[in-house]
Every structure is written in C-alpha cells, then in structure tokens.
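# Overview (structure and organization)
Given next are the chains, with one letter for each unit.
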Amino acid sequence: MTARHATRLDRLSECWWTLVAPGYDPAVALVGWHRWQDSLVADVTSGLVLDVGCGPAHLARGLLARGVGYVGVDRNAAMVSRAGRRVASSPGQGVVVRADVTALPFRAESFDIVVAAGVLGLLDLDSRHAALREMARVVRGEVRLLEPVRRAGAPPRTTRSRLIALVRDRPVDLAELAAAGLDPEVRGPPLLAGVYSIVRATRR
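Residues numbered from 1 in each chain as written. Predicted model: local features only at pLDDT ≥ 70, side-chain atom pairs only at ≥ 80, totals over all residues. Heavy atoms only, no water.

With that settled, the discussion passes to the sheet that holds strand β1 (residues 48-52). Taken together, the 7 strands give an open sheet; going across it, the order is β3-β2-β1-β4-β5-β7-β6, and neighbouring strands pair in mixed fashion. Two strands close off the open sheet at either side, each with one partner strand: β3 (94-98) and β6 (182-191). Adjacent strand axes in the sheet meet at a mean angle of 15°, parallel and antiparallel pairs treated alike. Relative to strand β4 (residues 111-117), β1 is paired through 4 bridges, and the arrangement is parallel. (Pairing = 2+ DSSP bridges. Helix = DSSP H or I, 4+ residues; strand = E, 2+ residues; numbered from the N terminus. Axes fitted to C-alpha atoms, helices over the stretch in contact; angles between N-to-C directions.)

And the structure:
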C-alpha cells in the first residue's frame, strides 16, 4: 500500500466514524455489544483503566461510579467529543484524549488495565502490531480484549459473521500478542456469531 493510498483510507475512515458517531451506541446495543464490553471490566473496582478506541466511552460511567480512574483514547474527533461529554457527566475522575493507538501519548506502565473492544480487527496488520506493542508498553497489569480472534477448530467465516464483525477477514492471532511481549489467554466461548473472543494478557 502506498503512503498516498493509506492517507486516503485514513480520511475515509475518519469521515465514516464521524458520520456514525451519533447513532453508534444504539446500533451496537442491538447486538448486545455493551453487555460484552461491560464484562471486560466487571471485576475492576480500583486502579486506572485505559480504554483504547473508546468511541463514545460506554465503559466510563460504570468504571467511574465504582471509583476506578478512566482514560479514553480515540482518533476520531466526533467520538472524542461524545466521549468527553459522557465522562464530564459521570462521577469520579476521567479524561478523554484524541490520539492514535499506534502512538499512545503515555509513559510506560501507566495503567493497571488496558482495554480494547472492536478495535484491532479494524486495523491493517502493521498498525495492529504497532498498537499491540503500545498497549503492552503502557500497561503494568493486564490487557483485556474483545476482538475477532483466531481459535483452533473455528469454522470458516460466513457472510453473516463478517457483517457482524465489520472487520476485514483478519482475526487476531495469539502469536501477535506474544510478539508484542504479552502472554495471552482466551477466556470463554466465541461470542457474537462466533466472531469475537475475550482475551486477557499480561506482560512477560
């Protein structure tokens, strides 16, 4: 891919997420997305959480209400704006930053938990690997993912599963997490038409 082509794709992506931002929460709620997002942090009652690709910051209100520090990151200005309003109307201390997941503006080992839900599958492989390295760099505890994951014995993707995932047909391989310096473990059965899985990973 040429630099010019990549720039064009970035602009198209930015326009797309700006367009869908107002209706994003109601749309993903229809497929039960929020329930699985919430499950990623249901046991978190303290510390500082980084929500990578936070979108409108669905996780913020629940975490802040439990006294957990919240930092949301998204590259889209419209999503950051909506996330900022949600955080501002929530109890506790939270902040939303506009930044790219491939270059997180935080020091090493800044966060107890780093969460990403429906983010990595949207990236090309080079960007995904860079994002995983950055997540491994800034976490001091655990990375938790809700992403399309390659699982042993998984059936071929169907048209329905691809539509639900809204991702390229490139599920995350656990070897990619290992290459980023993480020790991953898949938790539970596949979710949402067998597309997504929950993964927890610690630094090695």
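Right, picking up where we left off after that structure.
You can see Arg128 is positioned in helix α6 (residues 125-138). When neighbours within four sequence positions are excluded, Arg128 is seen to be in contact with Leu120, Gly121, Leu123, Arg170, Pro171, Val172 and Glu176. (Contact = heavy atoms within 4.5 Å.)

Below, the discussion takes up the side chain of Glu176. You can see Glu176 is positioned in helix α8 (residues 174-179). When neighbours within four sequence positions are excluded, Glu176 is seen to be in contact with Leu125, Arg128, His129, Leu132 and Pro171.

In an α-helix, one turn spans 3.6 residues, which is why side chains three or four residues apart end up on the same side. Taking 1.5 Å as the rise per residue, α6 with 14 residues should run 20 Å; its terminal C-alpha atoms sit 20 Å apart, in good agreement. Those residues of α6 hidden inside the fold are in contact with β1, β4, β5 (139-148), α8, β6 and β7 (196-203). Capping the start of α6, Asp124 holds a side-chain oxygen 3.1 Å from the backbone nitrogen of Asp126, two or three residues further along. (Expected span 1.5 Å × (residues − 1). Polar contact = N/O pair within 3.5 Å; in protein donor to acceptor, adjacent residues only side chain to side chain.)

On to the nonpolar core, then. Counting residues in hydrophobic clusters, the biggest one holds 29 residues, and the most contacted among them are Leu50 and Val114. Breaking this core down by element, the ones donating at least two residues are β1, β2 (69-74), β4, α6, β5 and β7. Tallying contributions element by element places α6 first for this core, with 5 residues. Residues in contact with Leu50, not counting those within four places in the same chain, are Val71, Val73, Leu104, Phe106, Phe111, Ile113, Val114, Val115 and Val138. Ranked by size, the runner-up nonpolar core spans 27 residues in total, among them Trp33, Leu40, Leu64 and Val115. (Core = buried A, V, L, I, M, F, W, Y, C linked by side-chain atoms within 4.5 Å. Buried < 20%, exposed > 50% of the residue type's maximum accessible area, 1.4 Å probe, protein only.)

For helix α3 (residues 33-40), the complete set of buried residues consists of Trp33, His34, Gln37 and Leu40. Take α3 and look down its axis: the buried residues cluster within an arc of 105°, on one side only. Its buried side turned inward, α3 meets α2 (24-29), α4 (58-65), β4, β5 and β7. (Arc of directions from axis to C-beta.)

In short, geometric facts, not functional conclusions.
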